[in-house]
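Structural description and commentary
Here are the chains, one letter per residue:
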Amino acid sequence: MDELAGGIRRLTFPLPLGIRHVHCYVLPGPDGWTLVDTGLGLPDASGRWERVLADLDAPVSRIVVTHFHPDHVGGGEDAQALTGATVLQGRRDYEQCLRVWGSEDWSERLADYLRAHGLPQPVADELRQESRTFAPFIRFARDPELLGEGDEVDGWRVVELPGHADGHICLLRDGVLVAGDHLLGVITPTVGLYPESRPDPLADYQASLRRTIELAPEVALPGHGDAVTDPVTRAHEILEHHERRLDETTAALGPKARNAYEVSVALFGTSLDASGRRFALAETLAHLERLVQEGRAARTGDDRNVSYTAT
């Protein structure tokens, strides 16, 4: 556990795939600690939380979830059971959490959706198996108190900053932004288009980055990596990154129709595992749909076979 300025403490838990760690934060308050995010619900979660709680000088009074991705919400049930704390989550985010992790057919719905955008069947089958393997590690807390823009949590202001996730929330106080995965220092947060999600997540994310610039926090505490010491500059950098990616996506199109999988291969190459290809394809879709809205691309086809052309 690392102690940061203002008495905030950062917890770092391991992850088995992709980014190898996730940060959770505990924020001090007059009636105890506020825990932000819960990590993945790995088999040893209870033991890890017990060690963390033993190092705190006051109880965890509440738990805030920034967004529904497995490494942030997956340990919610464990953390709630061990602390007895109230869990709070964004209203839109919890609705999406139920649609995805609260259903038994998410892996099928996701695979079918990606197949319609050209994902090869063998990769879709791998993703189905991966989803089944991960399902036991996503134990989110049911029926949380629901949060929205402008609410306050123990003196922290709730700010809705969608994009990385449709219902992503952050906490802001005294120039400190507890950022979840909205803002990362070295890598860019993934922004993907998925079934049953908001139709233009990249536009949402661009708007959230511009809002971050307006809010002008002095430091952002991210879910991965080091603290972002100049969030305004970082937000500008990520905006520029996505403008470049939009231009690259346009260049990968032409007068002949291409599906999103083909475009993703042009952008991200061929040497990706099934999980990496899912992220690449979803991110490509987010950029293609932004181009459609900007009038730089056209979408054709139906729910079973979708393709894009440059305009």
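The structure displayed is predicted, hence computed values, not measured ones.

A count of helices and strands for the protein gives 10 helices and 14 strands. Its C-alpha radius of gyration of 20 Å places the protein within 12% of the 19 Å reference for a compact globule of 311 residues. C-alpha extents for the protein along the principal axes are approximately 65 × 40 × 30 Å. Among the 311 residues that make up the protein, the fraction classed as buried is 52%. When the accessible surface of the protein is summed, it comes to about 13,400 Å², and 49% of that surface belongs to carbon and sulfur atoms.

Taking 1.5 Å as the rise per residue, helix α6 (residues 121–134) with 14 residues should run 20 Å; its terminal C-alpha atoms sit 20 Å apart, in good agreement. Every buried residue of α6 is listed here: V123, A124, L127, R128 and E130. The buried residues of α6 all sit within an arc of 165° when viewed along its axis, so they share a single face. Lining the buried residues of α6 we find α5 (106–116) and α10 (274–294).

The residue V263 is located in helix α9 (residues 260–268) in this model. For the pair V263 and L288, spaced 25 residues apart in the sequence, the C-alpha separation amounts to 9.1 Å. Discounting chain neighbours no more than four positions away, the residues touching V263 are T249, A252, L253, R258 and T284.

Two side chains carrying opposite charge are able to pair once their charged atoms lie near each other. Tallying each qualifying case throughout the model produces 24 salt bridges. The salt bridge involving D2 is made with R10; its shortest N-O contact spans 3.2 Å. Taking relative accessible area as the criterion, D2 reaches 35% and is therefore assigned partly exposed. The closest approach of N and O atoms between R290 and D200, which form a salt bridge, is 2.7 Å. Note that R290 is positioned in helix α10 and D200 in the loop between β11 (176–180) and α7 (201–215), a separation of 90 residues in sequence. For D200, a relative accessible area of 12% translates into the label buried. Among the charged side chains, a network of salt bridges with common partners joins E108, D112, D125, R128 and R132.

A few words on the environment of L98. Looking at the element boundaries, L98 is found in helix α4 (residues 91–101). On the basis of relative accessibility, which here comes to 32%, the residue L98 falls in the partly exposed class. Each C-alpha atom, one on L98 and one on D247, is 35 Å from the other, the two residues being 149 residues apart in sequence.

This part takes up unusual backbone geometry. Peptide bonds are trans in most cases, and residues, glycine excluded, mostly fall at negative phi. Of note, D37 is a non-glycine position whose phi angle comes to about 75°, a positive value. By relative accessible area, which is 2% here, D37 ends up buried.

Attention now moves to the sheet that holds strand β3 (residues 21–29). The sheet built from seven strands is open, its strands ordered β1-β2-β3-β4-β5-β6-β7 with mixed pairing. This sheet does not close on itself; its edge strands, each paired only once, are β1 (2–3) and β7 (145–147). Here four bridges tie strand β5 (residues 60–65) to strand β6 (residues 86–90), and the two strands are oriented parallel to one another. What sits directly across from I63, in β6, is V87. Across the sheet, helix α3 (residues 76–83) touches β4 (32–36), β5 and β6, and the angle it forms with β5 is around 170°.

What follows covers the pairing of strand β9 (residues 156–160). Of the pairings in the sheet, the one linking strand β8 (residues 152–153) to β9 comprises two bridges and is antiparallel in character. Of the residues in β9, the one forming a bridge with E152 is R157. Between β8 and β9, which follow one another and run antiparallel, lie two residues, and D154 among them has a positive phi close to 50°. The sheet contact formed by β9 and strand β10 (residues 169–173) spans four bridges and is antiparallel. Paired with R157 across the strands is L172, a residue of β10.

Conventions used here
Residues numbered from 1 in each chain as written. Predicted model: local features only at pLDDT ≥ 70, side-chain atom pairs only at ≥ 80, totals over all residues. Heavy atoms only, no water. Helix = DSSP H or I, 4+ residues; strand = E, 2+ residues; numbered from the N terminus. Rg over C-alpha atoms; globule rule 2.2 N^0.38 Å. Buried < 20%, exposed > 50% of the residue type's maximum accessible area, 1.4 Å probe, protein only. Areas by Shrake-Rupley, 256 points an atom, 1.4 Å probe, with all protein chains shown as cover. Expected span 1.5 Å × (residues − 1). Arc of directions from axis to C-beta. Contact = heavy atoms within 4.5 Å. Salt bridge = Lys/Arg side-chain N within 4 Å of Asp/Glu carboxyl O. Pairing = 2+ DSSP bridges. Axes fitted to C-alpha atoms, helices over the stretch in contact; angles between N-to-C directions.

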